[in-house]
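The chain contents come next:
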Amino acid sequence: AIWELYRLIDWLMRLPEALEKDFKQRMFDYERSKAMPYVTSIEWMAKQEGLEEGWQKGQQEGWQKGRQ
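Because the structure is predicted, anything quoted here is derived from the model rather than measured.

K.L.:
Explain the overall build of the chain to me, please; I cannot follow it from the model alone.
P.N.:
If you tally the helices and strands in the chain, you get 3 helices and 0 strands. By the compact-globule yardstick of 11 Å for 68 residues, the chain is too spread out, its C-alpha radius of gyration being 20 Å. Taking the principal axes of its C-alpha atoms as reference, the chain extends roughly 70 × 25 × 15 Å. The buried share among the 68 residues of the chain stands at 7%.

K.L.:
Can you walk me through the pattern of salt bridges in this structure?
P.N.:
Opposite charge on two side chains allows them to pair when their charged atoms are near. Across all of its chains, the model carries 4 salt bridges by this definition. Note that E20 is salt-bridged to R14, the shortest N-O span being 3.7 Å. The salt bridge partner of D22 is R26, with a shortest N-O separation of 2.9 Å. Taken as a pair, D22 and R26 lie in helix α2 (residues 17-34) at a separation of 4 residues, close to a single helical turn. Classification of D22 as partly exposed rests on a relative accessible area of 35%. What emerges from the salt-bridge pattern is a single network uniting R14, E20 and K24.

K.L.:
What is the right way to read a nonpolar patch on the surface from this model?
P.N.:
Together, L5, L8, W11, L12 and M13 make up a nonpolar patch on the protein surface, roughly 590 Å² of accessible area in all. Note that L5 resides in helix α1 (residues 2-12). Look at L5 and you get partly exposed, because its relative accessible area is 46%.

K.L.:
When you look at the confidence of the model for the chain in this model, what are you seeing that I'm missing?
P.N.:
Interpreting fine coordinate detail is not advised for predicted regions of low pLDDT. On average, residues of the chain score 82 in pLDDT, and 94% of them reach the 70 mark or higher. Within the chain, the lowest mean pLDDT, 79, falls on α1, and the highest, 85, falls on helix α3 (residues 41-67).

About the cut-offs
Residues numbered from 1 in each chain as written. Predicted model: local features only at pLDDT ≥ 70, side-chain atom pairs only at ≥ 80, totals over all residues. Heavy atoms only, no water. Helix = DSSP H or I, 4+ residues; strand = E, 2+ residues; numbered from the N terminus. Rg over C-alpha atoms; globule rule 2.2 N^0.38 Å. Buried < 20%, exposed > 50% of the residue type's maximum accessible area, 1.4 Å probe, protein only. Salt bridge = Lys/Arg side-chain N within 4 Å of Asp/Glu carboxyl O. Patch = residues over 30% accessible without salt bridge, like charges linked within 9 Å, V, L, I, M, F, W, Y side chains within 5 Å. Areas by Shrake-Rupley, 256 points an atom, 1.4 Å probe, with all protein chains shown as cover. pLDDT = per-residue confidence, 0-100.

Right, dumping it as structure tokens:
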């Protein structure tokens, strides 16, 4: 959510270089302090797909072991 706000601000106006550097540094510091790294929508979708594939594979393996 923080990075979405940054993108909106960046889209709406261009900060002077010194302020932009300061703003970016504060954003990175805030993100690190909250231990919440930014994940793009593509990364999130890939993670979800990986989880679904892993779940399906686990279901199949469990079913096969159950048959044995």
